[in-house]
Amino acid sequence: LLYVTRAVLPGMVARGRGFVMNIASVGAFVPSPMMATYTATKAFVLSFTEAIDAELQGTGVRALCVCPGFTRTEFQDHVHVDTKQVPDMVWMTADQVAGEAVGAAGRGGVLVNGVMNRALTTLLKFAPRWVAIRSATMLLKPEGGA
């Protein structure tokens, strides 16, 4: 992410136009036990993208951080987390996430995909950190219990 962004930005700035889209996650907004490295990495992507978008103001180049929530893909097969507690209405398809991201292309800042995820991340801004972490702990349990 860092190397690619560093490689492409100078040319975009020189041309006075361009767009960088980085993919984070709703997980960027709350530390999540059982996915600590994942959510910490996504928090970095979010912070980095917001910062470079601010740095790029007035250059004609923008940076957008896309933050999807629960998206039905093969990802869940690899994280060994039981997602049965996640309500169906929260899940999105990859096509829905991609459609929103393409629709937001060209604008900077942050896109949180889906109405439910936007509501959740808004609530997280007001919740005490320990409440958010405890909620994530209850929602994301390791496969097989615990």
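Please read these numbers as outputs of a predicted model, since none were measured by experiment.

The strand order β1-β2-β6 describes an open sheet built from three strands, whose pairing is parallel. Because the sheet does not close on itself, it has two edges, and the strands there are β1 (18-23) and β6 (109-112). Taking each pair of neighbouring strands and ignoring which way they run, the sheet shows an average axis angle of 25°. Bridge analysis of strand β2 (residues 61-67) against β6 gives four bridges, and the strand direction is parallel. In the strand pairing of β6, Cys65 is matched with Val110. Seen against the sheet, helix α2 (residues 36-55) touches β1, β2 and β6 and runs at an angle of roughly 155° to β2. With respect to the sheet, helix α4 (residues 94-104) is in contact with β1, β2 and β6, its orientation differing from that of β6 by roughly 155°.

Within the secondary structure, Gln57 is located in the loop between α2 and β2. By relative accessible area, Gln57 is classed as partly exposed at 47%. Between the C-alpha atom of Gln57 and that of Gly108, which follows or precedes it by 51 residues, the distance is 9.4 Å. A polar contact of 3.2 Å, which involves the side chain of Gln57, links it to the backbone oxygen of Asp53.

Rules used throughout
Residues numbered from 1 in each chain as written. Predicted model: local features only at pLDDT ≥ 70, side-chain atom pairs only at ≥ 80, totals over all residues. Heavy atoms only, no water. Pairing = 2+ DSSP bridges. Helix = DSSP H or I, 4+ residues; strand = E, 2+ residues; numbered from the N terminus. Axes fitted to C-alpha atoms, helices over the stretch in contact; angles between N-to-C directions. Contact = heavy atoms within 4.5 Å. Buried < 20%, exposed > 50% of the residue type's maximum accessible area, 1.4 Å probe, protein only. Polar contact = N/O pair within 3.5 Å; in protein donor to acceptor, adjacent residues only side chain to side chain.

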